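Below are the chains, spelled out letter by letter.
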Amino acid sequence: MRLPISLSLICLATVALAHGPTPQKIDQSITIPAPPEAVWKVAGEFGGIARWHPDVAKAEASGGNVEGTTRTVTLKGGGTLVEGLDEWLGDGRTYSYRMSDPDLKALPVSSYSATLTVTPDGTGSRVSWIGRFYRGDTGNEPPDGLSDEAGRTAMNRYFADGLKGLKATVEGRATP
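So, here's what we can say about the structure. Residue numbers restart at each chain and count upward from 1, following the sequence in its written direction. Side-chain atom pairs in this predicted model are given and counted only at pLDDT of 80 or more, local residue features only at pLDDT of at least 70, and totals for whole chains, interfaces and linings cover all residues. To obtain the side-chain values, all non-hydrogen atoms of the structure were used and water was disregarded.

With respect to the packing of aromatic side chains
Spelled out, the test is: In this scheme Phe, Tyr and Trp rings, the latter by its six-membered ring, pair at centre separations within 6.5 Å, and the angle between planes marks the pair as stacked below 30 degrees, edge-to-face above 60, and tilted otherwise. Secondary structure elements are defined from DSSP: runs of H or I of at least 4 residues count as helices, runs of E of at least 2 residues count as strands, and each element is numbered from the N terminus. Categorising residues by exposure relies on relative accessible area from a 1.4 Å probe, with only protein chains included: less than 20% of the type maximum marks a residue as buried, more than 50% marks it as exposed, and the intermediate range marks it as partly exposed.
Scanning all chains against the criterion turns up 10 aromatic pairs. Pairing Trp 40 with Trp 88 gives two aromatic rings, centres 5.8 Å apart and planes at 35°, and the pair type is tilted. In this pair, Trp 40 is assigned in helix α2 (residues 36–43) and Trp 88 in strand β4 (residues 80–89), connecting sequence segments 48 residues apart. Judged by relative accessible area, which is 11%, Trp 40 ranks as buried. On the basis of relative accessible area, Trp 88 is assigned to the partly exposed category, the value being 25%. Both rings, one in Tyr 97 and one in Tyr 112, keep their centres 6.5 Å apart while their planes meet at 90°; by these two values the pair is edge-to-face. A residue pair is termed long-range when its members are at least 10 positions apart, and Tyr 97 in strand β5 (residues 94–101) and Tyr 112 in strand β6 (residues 109–121) qualify at 15 residues.

Topic: the sheet that holds strand β1 (residues 24–32)
Strand pairing in a sheet relies on backbone hydrogen bonds, with the paired strands running either antiparallel or parallel. The criterion, for reference: Two strands form a pair only when DSSP identifies at least two bridges running between them. Think of each axis as a best-fit line through the C-alpha atoms, taken over the contacting stretch in the case of a helix, with angles from 0 to 180 degrees between the N-to-C directions. It only takes one pair of heavy atoms within 4.5 Å for two residues to be counted as in contact.
Read from one edge to the other, the open sheet built from seven strands follows the order β1-β7-β6-β5-β4-β3-β2, with strand pairing classed as antiparallel. What marks the edges here is a single partner per strand, and that holds for β1 and β2 (56–62). Neighbour-to-neighbour, the strand axes of this sheet turn through a mean angle of 20°, independent of strand direction. Of the strand pairs in this sheet, β2 and strand β3 (residues 70–75) are connected by six bridges, and their pairing is antiparallel. Bridging from a neighbouring strand, Glu 60 pairs with Thr 72 of β3. Relative to β6, α2 is tilted by about 155°, and along the sheet it contacts β1, β4, β5, β6 and β7 (124–135). Strands in contact with helix α3 (residues 148–170) are β1, β2, β3, β4, β5, β6 and β7; relative to β1, the strand with the most contacts, it is inclined by about 15°.

Looking at the nonpolar core
Considering soluble globular proteins, one finds that nonpolar side chains tend to be buried as a cluster. To be explicit about the condition: The criterion is simple. A nonpolar core is a set of buried Ala, Val, Leu, Ile, Met, Phe, Trp, Tyr and Cys residues joined through side-chain atoms within 4.5 Å.
Within the largest apolar cluster, 36 residues are counted, with the highest numbers of intra-cluster contacts made by Tyr 112, Val 127, Trp 129 and Tyr 158. Here the element with the most residues in this core is α3; it accounts for six residues.

Structural data, given as structure tokens:
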């Protein structure tokens, strides 16, 4: 059975609009003029993010650097992030974690996972922070504040602020 062209176009447009959100990715990095071991000493403690991230008012963690540990990060701008540690590799100077429950006041995303890694870079270190997430409103027509762009902007700012704060902390300067 052949459908009229107009009905075919309507069906095609409906399918195109009904795809939902697509995963977003951000990738931030910074070079720090300090040995990887010194940088990892600051950044490698999963529950220690408040020591170096200028946007974090406090962080509480239970379980240390063990898979399954949960940390609750309270942001200075409002909102709380509850994150679970998926993998922590001290020898590889890397850990991966994910958000447990969304708090759209904290970040306009419905879910995210992230990996922080410290590697040698000449006589210093390179810190890479990669995140994958979905926008805050997973419907087909999200409001501006919960769109892909809002999520990318917020996550990029959060990661960039954190990396600048980590660099300042390792270098012995006040965080920006």
